[in-house]
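What the coordinates show
Residue-level listing of the chains:
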Amino acid sequence: MTLTERDLKVIWHPYTQMKTAMPPVPIVRGEGACLFDENGKKYIDAVSSWWVNIHGHAHPYIAQKVSEQLRKLEHVIFAGFTHEGAVELAERLLEILPANQQKVFYSDNGSTAVEVAIKMCLQYWHNKGQNRTKILAFKNAYHGDTFGAMAVSGRSAFTAAFDSLLFDVEFIDLPDKENITNLQSLISNLSHQTACFIFEPLVQGAGGMLMYEARYLDELMAHCRNEGVLMIADEVFTGFGRTGKAFASNHVTEQPDIMCFSKGLTGGTMALGLTTCTQQIYDAFLSDDHLKTLFHGHSFTANPVAIAAALASLDLFSDPSTAENIQRIENAHRQFALKIKDHPKIKTIRQTGTILAMEWQTGTDTSYFNALRDNLYMYFLDAGIILRPLGNIIYILPPYCITDMELAYVYSKIEQALDEI
Ligand SMILES: *Cc1c(COP(=O)(O)O)cnc(C)c1O
């Protein structure tokens, strides 16, 4: 039996209709921006393996640090105990995050980082004896697949089976020049009952790589600050260089109260999540009353091996060559966008940093499930490129180490697809 046949006997894949999906591609190794399957076929990973990889696959430096850590300490309960890596990572991250971020709470993926952020906000007001339980979020938001994270995400086909059980959230439009004043007065009307506002800064990833301008986010944040509404910047996707700066929050002057990270945090090698917060939030949980404790934790909270990967990734991220690569990809994307923007099959094309997204003209059906999506996916897979369209939206967000030649190949295949599909 092939690996794929064995897989289909025992495995249920994420986000996959197992009845109709193509059999999974059996990957045996990775190197740089590429993955290789059982038959030796090479694929350029243009989506960084579900947006997590930033320095390339099987990076030898991260591998070495992880293997050293495994021989030293693989795991320790994080209630009542600590370890060197956890402290060092927190120290180093707080140095580069917005200055108001003062404490780090570890978990093990993006959804849990969001769950922790929501609980921090709700209990912050609870501990203060104020009845603020409403949450604001953007339409089309995506914050994860666990129940709390799902509740603050836009209602969609993904959430339909659970909608009646999700807590009520006030969904607002992305801010722009026209609606900013309306959004601000809406927030003012609700502020006395609102615990927090959660958002993906600058780019809504899973919602379709929807992008909005930093200056209107800044205005919205300033307004939340004035109204006492806590702000959660979900940087699970945008963190660690994706948007051209280290964090998307670096594009605005206002600072969020809470930030969430995962995905690129370990360079995409291990599962780790973390939530950071201000001193003000942390202080609201300090008490002789045990009921004011944040009762939250996961078995693998602050796993030392995952943290070793995060520290190694941070070393690589701090090297000047990473910023140069990010700039290089940003420039290449910009030139390519200029070249194809007037193609009749391109409806819109947009870019933030290393993320380039283009919306294809479809007939009538623009849903996530339209047939164009599957055709495009197969077309690129055949050509040795991993692109995973969100409906009719194709996006590229490669590991920063992708070479100019690999990038040129991806662009050329997109051009070819525009003419052929
Ligand atoms: C992917 C993602 C999450 C969820 O992270 P998981 O590790 O997949 O649970 C949360 N927020 C944003 C913005 C994301 O892109």
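On a predicted model such as this, the values are computed, not experimentally measured, just so you know.

What follows deals with the domain arrangement of the protein chain. Each assigned domain of the protein chain is listed with its residue range as follows: domain 1 (3–58 + 321–420) and domain 2 (64–318). Domain 1 and domain 2 are separated by 27 Å when their C-alpha centres are compared. Counting residues at the interface gives 27 residues for domain 1, matched by 25 residues for domain 2. Summing both sides of the interface, domain 1 and domain 2 together bury roughly 2200 Å²; the carbon and sulfur share of this comes to 66%. Our count for the domain 1 to domain 2 interface comes out at zero salt bridges. At the junction of domain 1 with domain 2, the criterion picks out 13 residue pairs in polar contact (both at pLDDT 80 or more). Secondary structure elements with two or more residues in the side of domain 1 that touches domain 2: α2 (48–51), α11 (320–340), β13 (346–352), β14 (355–360) and β16 (393–396). Its residues placed into classes, the side of domain 1 that touches domain 2 shows 17 nonpolar, eight polar and two charged.

So, on to a nonpolar patch on the surface. There is a patch of nonpolar side chains on the surface, built from Y15, W50 and F158 and spanning about 290 Å² of accessible area. Position of F158 relative to the elements: it lies in the loop between α6 (147–151) and β6 (170–172).

Glancing now at the packing of aromatic side chains. Applying the stated criterion across every chain yields a total of 16 aromatic pairs. Judged by centre distance (5.2 Å) and plane angle (75°), the rings of F240 and F247 are edge-to-face. Residue F240 is classed as buried on the basis of its relative accessible area of 3%. Measuring from ring centre to ring centre gives 5.4 Å for F247 and F261, while their planes differ by 65°; the resulting arrangement is edge-to-face. Taken as a pair, F247 in the loop between β10 (230–234) and β11 (258–261) and F261 in strand β11 lie far apart in primary sequence, 14 residues in all.

Let us look at the site of the ligand. With respect to spatial proximity, the complete set of residues near the ligand consists of W51, N109, G110, S111, Y142, H143, G144, E200, D234, V236, F237 and K263. Protein chains shield 84% of the accessible area of the ligand, which is 390 Å² for the free molecule.

Turning our eyes to something else, we now look at unusual backbone geometry. In this structure, S49 is a non-glycine residue whose phi angle is positive, near 50°. One can find S49 in helix α2. Looking at S49, the relative accessible area reads 29%, which means it is partly exposed.

What counts and how
Residues numbered from 1 in each chain as written. Predicted model: local features only at pLDDT ≥ 70, side-chain atom pairs only at ≥ 80, totals over all residues. Heavy atoms only, no water. Domains from an automatic or database assignment. Contact = heavy atoms within 4.5 Å. Buried area = accessible area lost by both parts, 1.4 Å probe. Salt bridge = Lys/Arg side-chain N within 4 Å of Asp/Glu carboxyl O. Polar contact = N/O pair within 3.5 Å; in protein donor to acceptor, adjacent residues only side chain to side chain. Helix = DSSP H or I, 4+ residues; strand = E, 2+ residues; numbered from the N terminus. Nonpolar A, V, L, I, M, F, W, Y, C, P; charged D, E, K, R; others polar. Patch = residues over 30% accessible without salt bridge, like charges linked within 9 Å, V, L, I, M, F, W, Y side chains within 5 Å. Areas by Shrake-Rupley, 256 points an atom, 1.4 Å probe, with all protein chains shown as cover. Phe/Tyr/Trp six-rings, centres within 6.5 Å; stacked < 30°, edge-to-face > 60°. Buried < 20%, exposed > 50% of the residue type's maximum accessible area, 1.4 Å probe, protein only. Near = heavy atom within 4 Å.

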